[in-house]
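For reference, the chains in residue letters:
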Amino acid sequence: MSNNKLLVCICFHYSESRVPILMETLKFLSEYDMDVHIVIDTNTGEWIPPNMSNIEVRVHTGMQHPYNLT
């Protein structure tokens, strides 16, 4: 692994139909040859990604509008 680092922030408004897209994105990012830290901002704890040490999930509840997530 190189000394390069990458921070990826993903806003994920939960929808069951979008979970496969997010999983594919996480899989793609895991293939990078660098230290990748992923932060997922989401509106619910209903879905939590697989336990990976490089993923941090932040749940934001009580938003007035879904667009406030971004």
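Rules behind the numbers
Residues numbered from 1 in each chain as written. Predicted model: local features only at pLDDT ≥ 70, side-chain atom pairs only at ≥ 80, totals over all residues. Heavy atoms only, no water. Helix = DSSP H or I, 4+ residues; strand = E, 2+ residues; numbered from the N terminus. Buried < 20%, exposed > 50% of the residue type's maximum accessible area, 1.4 Å probe, protein only. Lys, Arg positive; Asp, Glu negative; His and termini not counted. Salt bridge = Lys/Arg side-chain N within 4 Å of Asp/Glu carboxyl O. Polar contact = N/O pair within 3.5 Å; in protein donor to acceptor, adjacent residues only side chain to side chain. Contact = heavy atoms within 4.5 Å.

Novice: Help me understand the side chain of Asp41, please; the structure alone is not making it clear to me.
Specialist: Here Asp41 lies in strand E2 (residues 35-42). At 4.7 Å, Arg58 is the nearest oppositely charged side chain to Asp41, a buried residue that forms no salt bridge. One polar contact links Asp41 to His60, side chain to side chain, over a distance of 2.7 Å. Ignoring anything within four residues of it in the chain, the contact list for Asp41 reads Ile10, Cys11, Phe12, Arg58, His60 and Leu69.

Novice: Got a minute to help me understand the pattern of salt bridges in this structure?
Specialist: Between side chains of opposite charge, a pair can form as their charged atoms come close. A full pass over the atoms with the stated rule returns two salt bridges. A salt bridge links Glu31 to Lys27; the nearest nitrogen and oxygen atoms lie 3.2 Å apart. Residue classification places Glu31 among the exposed positions, given a relative accessible area of 52%. The residue Arg58 makes a salt bridge to Glu56 at a minimum N-O spacing of 2.9 Å.

Novice: Would you mind showing me how to read the environment of Gln64 here?
Specialist: Looking at where Gln64 falls in the secondary structure, it is placed in the segment after strand E3 (55-59). On the basis of relative accessible area, Gln64 is assigned to the exposed category, the value being 79%. Distance from Gln64 to Pro20, taken between C-alpha atoms, is 26 Å for residues 44 residues apart in sequence.

All quantities given are derived from atomic positions and should not be read as evidence of function.
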